Amino acid sequence: MRDLITLADLKPAEIDRVFSITEDLKSKFLKGLREPLLPGRVMAMLFEKQSLRTRVSFEAGMIHLGGSAMFLGDDVGFGRRESMADFGRVLSEFVDVIVVRAKQHETVVTLAEYCSCSVVNGLTDRAHPCQALADLYTIRELAGRLEGHTLAWIGDGNNVARSLALGCGKIGVRLVMATPEPYRFNDRFLALLRREVPNLDLEVTDDPIEAVQDAVAVYTDVWASMGQESEREARRRDFAKYQVNRSLMSHTQQGTIFLHCLPARRGEEVTDEVIDGPQSVVVQQAANRMHVQKGILAWLLAAQT
Ligand code: CP
Ligand code: NVA
């Protein structure tokens, strides 16, 4: 029984395996075939924060695979009605996998400790592993390969950036981050990167133009993530020169793509002309959330048969 809490949980060969299952399932899906690899399997979904992509793509994906998805709302009292231990031990008697989006990363870690079924992190303040896998899959799909390419991250060193750093380190993608000093990875996370992905080629700069020059993909995310709404004004000032706009994209190479995990705050971290422009692949990227998560579910649950 395996969990996916951060990308440190997956070996490079396992990421490859998830990607090849994804490729197979996606090509079948595009031909109208929804292969029922997980009949009778049940997925529970617990979300402490809002979600469009993660919630719907997991639910739809599980249904395509012949399983069922249950979105558990407030009525189950997650984190309030009983101890995490009782909650996790009991819920995992009923279901095969639990997808959790939590305010605190520790909530997912603690829940997974008590669950006898697989737990998948659907975003915390520190990680968004399913997002990063879908992002890397999207680059691979469009650029033909991942290894040796450079990904430019422009903006906050947040949950998505952290998961991408782990993913890049596992796969051999160079990561260049243009991030203002106070928003860069902290020493604790840098130590984790050195331990988990010692070969990660990471460069950090305060110059977005330098960051995008050799990039196969330019990626940005909101300046204030969910839970940081009170910092929004300060962050708007701090990130003002880190906007991904037409002028910044003019420094990219032919064929460089633009990525954003969405939802976007148009006019802040990215302008309409970029997110709606010819380099943007954000809709394909979002669609790949479902395909890659089908790969993750098939990989996680097939191993349990
Ligand atoms: N990118 C992403 O996780 O979107 P949601 O918050 O809508 O799930
Ligand atoms: N960094 C963003 C990602 C949303 C998918 C957040 O945590 O709100």
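Residues numbered from 1 in each chain as written. Chains lettered and ligands numbered in written order. Predicted model: local features only at pLDDT ≥ 70, side-chain atom pairs only at ≥ 80, totals over all residues. Heavy atoms only, no water.

## With respect to the packing of helix 3 (residues 84–94) against helix 4 (residues 105–114)
1) Next: Their axes nearest at 8 Å, the elements helix 3 and helix 4 cross at an angle of 55°. Classified by the angle between their axes, helix 3 and helix 4 sit oblique to one another. Here helix 3 runs over helix 4; the crossing is right-handed. Residue-level contacts link M84, A85, F87, G88, R89 and S92 of helix 3 to T107, T110, L111 and Y114 of helix 4.
2) Next: Here the contact of helix 3 with helix 4 is built from residues that sort into five nonpolar, four polar and one charged. (Axes fitted to C-alpha atoms, helices over the stretch in contact; angles between N-to-C directions. Helix = DSSP H or I, 4+ residues; strand = E, 2+ residues; numbered from the N terminus. Parallel < 35°, antiparallel > 145°, perpendicular 65-115°, else oblique. Left-handed = near helix turned anticlockwise from the far one by under 90°. Contact = heavy atoms within 4.5 Å. Nonpolar A, V, L, I, M, F, W, Y, C, P; charged D, E, K, R; others polar.)

## Section: the site of ligand 2
1) Next: Surveying the vicinity of ligand 2 reveals the residues L123, N158, N159, D221, S225, M226 and L262.
2) Next: D221 has a polar side-chain atom sitting 2.7 Å from a nitrogen atom of ligand 2.
3) Next: Protein burial of ligand 2: of its 270 Å² of free accessible surface, 95% is covered by the chains.
4) Next: In this structure the site holding ligand 2 corresponds to the largest pocket. (Near = heavy atom within 4 Å. Polar contact = N/O pair within 3.5 Å; in protein donor to acceptor, adjacent residues only side chain to side chain. Areas by Shrake-Rupley, 256 points an atom, 1.4 Å probe, with all protein chains shown as cover. 1 Å grid on protein atoms, 1.4 Å probe; cavity = no way out; pocket = protein on both sides within 12 Å on 5 of 7 lines; lining within 4 Å. Sits in = over half its atoms within 2 Å of the grid points.)

## Focus on unusual backbone geometry
1) Next: Backbone torsion omega between L262 and P263 reads 0°, so that peptide bond is classified as cis.
2) Next: Within the secondary structure, P263 sits in the loop between strand 9 (257–260) and helix 11 (272–275).
3) Next: We note that L123 has phi near 120°; this positive angle belongs to a residue other than glycine.
4) Next: As for its position among the elements, L123 is in the loop between strand 4 (118–121) and helix 5 (129–143).
5) Next: Residue classification places L123 among the buried positions, given a relative accessible area of 7%. (Buried < 20%, exposed > 50% of the residue type's maximum accessible area, 1.4 Å probe, protein only.)

## Some points on the nonpolar core
Side chains that are nonpolar tend, in soluble globular proteins, to be buried together.
1) Next: Counting 57 residues, the largest nonpolar core has L133 and L151 as its most contacted members.
2) Next: What L133 contacts, discounting residues up to four positions off in sequence, is L4, L7, L10, I15, F19, V292 and I296.
3) Next: One finds A152, V212, W223 and V244 within the second-largest nonpolar core, a separate group that totals 21 residues. (Core = buried A, V, L, I, M, F, W, Y, C linked by side-chain atoms within 4.5 Å.)

## Topic: the sheet that holds strand 3 (residues 97–101)
1) Next: The strand order 2-1-3-4 describes an open sheet built from four strands, whose pairing is parallel. This sheet does not close on itself; its edge strands, each paired only once, are strand 2 (68–72) and strand 4. Averaged over all adjacent pairs, the angle separating strand axes in this sheet is 20°, with direction ignored.
2) Next: Sheet topology places strand 1 (residues 42–47) next to strand 2; five bridges connect them, and they run parallel. (Pairing = 2+ DSSP bridges.)

## With respect to the site of ligand 1
1) Next: Lining the immediate surroundings of ligand 1 are S51, L52, R53, T54, R101, H128, Q131, C261, L262 and R289.
2) Next: The side chain of S51 places a nitrogen or oxygen atom 2.6 Å from an oxygen atom of ligand 1.
3) Next: Between ligand 1 and R101 there is a distance of 2.8 Å, counted from an oxygen atom to a side-chain nitrogen or oxygen.
4) Next: Look at ligand 1: alone it shows 260 Å² of surface, and the protein chains cover 96% of it.
5) Next: Among the detected pockets, ligand 1 sits in the largest pocket.
6) Next: For the shell around ligand 1, the class distribution of residues is three nonpolar, four polar and three charged.

## Some thoughts on the pattern of salt bridges
1) Next: Taken as a whole and assessed by the stated rule, the structure comprises 20 salt bridges.
2) Next: Across the pair R232 and E268 runs a salt bridge, and its minimum N-O distance is 2.5 Å. Of this pair, R232 sits in helix 9 (residues 232–238) while E268 is found in the loop between strand 9 and helix 11, placing the two residues 36 residues apart along the sequence.
3) Next: Owing to a relative accessible area of 25%, R232 belongs among the partly exposed residues under this scheme. (Salt bridge = Lys/Arg side-chain N within 4 Å of Asp/Glu carboxyl O.)

## Some remarks on the packing of aromatic side chains
1) Next: Using the criterion set out here, one finds eight aromatic pairs in the structure.
2) Next: When the centroid spacing of 4.9 Å and the interplanar angle of 40° are considered together, the rings of W153 and Y219 count as tilted. With a gap of 66 residues between them, W153 in strand 5 (residues 150–154) and Y219 in strand 8 (residues 217–220) connect regions that are remote in the sequence. Across this residue pair, the class does not change: W153 and Y219 are buried.
3) Next: Here the aromatic residues Y183, W223, F239 and Y242 are joined through ring pairs into a cluster of three or more.
4) Next: Its guanidinium or amino end placed over the ring of F189, R162 lies 4.4 Å from that ring's centre, counting from NZ or CZ. (Phe/Tyr/Trp six-rings, centres within 6.5 Å; stacked < 30°, edge-to-face > 60°. Lys NZ or Arg CZ within 6 Å of the ring centre and 35° of its normal.)

## Some remarks on helix 1 (residues 12–30)
1) Next: Here helix 1 spans 27 Å end to end across 19 residues, near enough to the 27 Å set by a 1.5 Å rise per residue.
2) Next: Regarding helix 1, the residues found buried are E14, I15, V18, F19, I21, T22, L25, K26 and F29. Down the axis of helix 1, the buried set is contained in an arc of 165°. They therefore lie on one face.
3) Next: On its buried side, helix 1 packs onto helix 2 (53–64), helix 5, helix 6 (159–171) and helix 12 (282–302).
4) Next: Directly beyond the C-terminal end of helix 1, a positive phi value near 95° is found at G32. (Expected span 1.5 Å × (residues − 1). Arc of directions from axis to C-beta.)

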